[in-house]
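Reading the structure
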Amino acid sequence: MTNRSRTFLLFVRRAVMGLVAALILAAGFWSSWGTAQHVVLTKGRDRGTLTVTACANDVCTGRYRPSPGSAPHSGVTIAESVAARRGETLPVVVKPGTDEAVRGGVAGVLYAWLPLAGALLLAALVIGGGVRLTRTAWVAGLLGAATMVAAFAAL
């Protein structure tokens, strides 16, 4: 194998691994955006607090008290994974056109970006092993891990 073909194969390997890492990160972003858009872009959305009264079938319900300028909703639900305990009051953002709420505040933002944090951890392995950019891999991995730890600490 000549030096030129070896260089070409190295370039192709790094390009393919770079595309794989980019695909992983794009998928993580897309998975996160479904929830994150409601928490990050709150202008024009109904916000308020939800006092959890009951949880069943991975869904919690409670009394919703809207913030000034937000519309009242009855029967607001939230995923049980982000609702802590019965009686606890949580800041929430109601998804438009539904009575489904997502956790608001810093905890909600961090929780919404968890799929991207996992993608950063996975992409760090591809970046470090396939593309051979170890510093970039460490930064991506540490950023993903820090986001995960912060999200679970905030919840």
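Keep in mind that this is a model prediction, so the values were computed, not measured.

Now for unusual backbone geometry. Non-glycine residue aspartate 58 carries a positive phi angle of around 65°. Inspection of the secondary structure assignment puts aspartate 58 in the loop between β1 (46–56) and β2 (59–66).

Taken as a whole, this structure holds one disulfide when the rule is applied. In this model, cysteine 55 is linked to cysteine 60 through a disulfide, with the two sulfur atoms separated by 1.9 Å. For the disulfide bridge between cysteine 55 and cysteine 60, the dihedral angle about the S-S bond is near 100°, and by the sign convention the bridge is right-handed. Classification of cysteine 60 by relative accessible area gives buried; the value is 0%.

In this section: helix α3 (residues 114–131). Under the 1.5 Å per step criterion, the end-to-end length of α3 is 24 Å for 18 residues, consistent within 8% with the ideal 26 Å. Taken together, the buried positions of α3 are occupied by Leu114, Ala117, Ala119, Leu120, Ala123, Ala124, Val126, Ile127, Gly128, Gly130 and Val131. Those residues of α3 that are buried lie in contact with α1 (3–40), α2 (105–112) and α4 (134–154). One or two residues past the end of α3 sits arginine 132, with phi positive at roughly 65°.

Calculation notes
- Residues numbered from 1 in each chain as written.
- Predicted model: local features only at pLDDT ≥ 70, side-chain atom pairs only at ≥ 80, totals over all residues.
- Heavy atoms only, no water.
- Helix = DSSP H or I, 4+ residues; strand = E, 2+ residues; numbered from the N terminus.
- Disulfide = S-S within 2.5 Å.
- Buried < 20%, exposed > 50% of the residue type's maximum accessible area, 1.4 Å probe, protein only.
- Expected span 1.5 Å × (residues − 1).
- Contact = heavy atoms within 4.5 Å.

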